[in-house]
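Chain and residue survey
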Amino acid sequence: MCFPPGARPPDLPSDLRPISGGAGGEDAILTSADGTRYRSFLAIAKGDAGVVIAPDVRGLHRFYEELAERFASAGVHAMAFDYFGRTAGTDRKPDDFANQEHVTAARARPDLIQADVAATAAALRARTGASRIFVLGFCMGGRVAFNASAAQDGLAGVVGFYGVVRRRDDNDTDAPLDKVARMKAPTLGLFGGADKGIPPDSVAEFDRALADRKVPHHLVTYPGAPHSFFDRSFAEYAKECDDAWRRVLGFIATGDPKTTR
């Protein structure tokens, strides 16, 4: 599990928060290319940029709804989507949702996940008028975001928070490192230095591969930060969360993954 029940996204840096109130959002049921209906959550802003949010292994839950609202408060349209429409339907999932069998099924067909990314991006464009679309994800979604650079056309960029870039085992056919030759979107990667599931040498290998491919990118590792450090309840990593926000919003504002706000 990435973010546990009760986790909430960190607040925006104080100087980037809206002067009056935050942005709200609403559920939206979308249809993927294979006819599957799945739940998403849309928060509308004012501007030309939009972000598709790919969740962790728990799928769409309150953390990502609030995150979409944070982005909208910062002037970025946002739409978070659920991976599990094919196996669990479109209902909201409880905090104790038993996700493992659904994760296994979703991971077995990464092409269908990318079809959902494409359908969500299309809906985000149609409903908000956003002309620049980014894909951002966490844990399982971090890998989805990195791989969207290879699978999707016309993205303004991708952002992966602690996405595993190397093969998990010999049966893993969805490792970003195996897809770098097809990647084309500017890429921002954010990792925790104490994340035991993502060895530093794999991040370094990803960095070299993107450089060889000449993909504009910037990979940041926060020393001592664990997997899923981007959590408001982890007060000891508030500085890292603030920096991550600034990097993500700077990237979305400029299209340059090395920019901070």
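All values derive from a computational prediction rather than experimental measurement. (Residues numbered from 1 in each chain as written. Predicted model: local features only at pLDDT ≥ 70, side-chain atom pairs only at ≥ 80, totals over all residues. Heavy atoms only, no water.)

1. A few points about the packing of aromatic side chains
To describe a pair of aromatic rings, one takes the distance between the centres and the angle between the planes. Applying the stated criterion across every chain yields a total of 21 aromatic pairs. Residues phenylalanine 146 and phenylalanine 191 carry aromatic rings whose centres are separated by 6.2 Å and whose planes lie at 25° to one another, so their mutual orientation is stacked. Residue phenylalanine 146 is located in helix H5 (residues 140–151), and its partner phenylalanine 191 is located in strand S7 (residues 187–192); the two are separated by 45 residues in the primary sequence. Each member of the pair phenylalanine 146 and phenylalanine 191 is classed as buried. (Phe/Tyr/Trp six-rings, centres within 6.5 Å; stacked < 30°, edge-to-face > 60°. Helix = DSSP H or I, 4+ residues; strand = E, 2+ residues; numbered from the N terminus. Buried < 20%, exposed > 50% of the residue type's maximum accessible area, 1.4 Å probe, protein only.)

2. Considering helix H4 (residues 110–128)
Spanning 19 residues, H4 covers 27 Å between terminal C-alpha atoms, matching the ideal 27 Å at 1.5 Å per step. Buried within H4 we find Pro110, Leu112, Ile113, Gln114, Asp116, Val117, Ala119, Thr120, Ala121, Ala123, Leu124 and Thr128. With its phi angle positive at about 80°, glycine 129 sits one or two positions after the end of H4. (Expected span 1.5 Å × (residues − 1).)

3. Digging into H5
Counted at 1.5 Å a residue, the expected span for H5 with its 12 residues is 16 Å, and the 16 Å between its end C-alpha atoms agrees. H5 sits mainly inside the fold: 11 of its 12 residues count as buried. Those residues of H5 that fall on the buried side of the exposure criterion are Met140, Gly141, Gly142, Arg143, Val144, Ala145, Phe146, Asn147, Ala148, Ser149 and Ala150.

4. A short note on the environment of glycine 163
Relative to the assigned elements, glycine 163 resides in the loop between strand S6 (157–161) and S7. The class for glycine 163 is buried, based on a relative accessible area of 0%. Measuring from C-alpha to C-alpha, the distance between glycine 163 and phenylalanine 146 comes to 7.8 Å, with 17 residues separating the pair along the chain. Apart from residues lying up to four places away in sequence, glycine 163 is in contact with Cys139, Gly142, Arg143, Phe146, Phe191 and Ile198. (Contact = heavy atoms within 4.5 Å.)

Worth remembering: the numbers are spatial, not functional.
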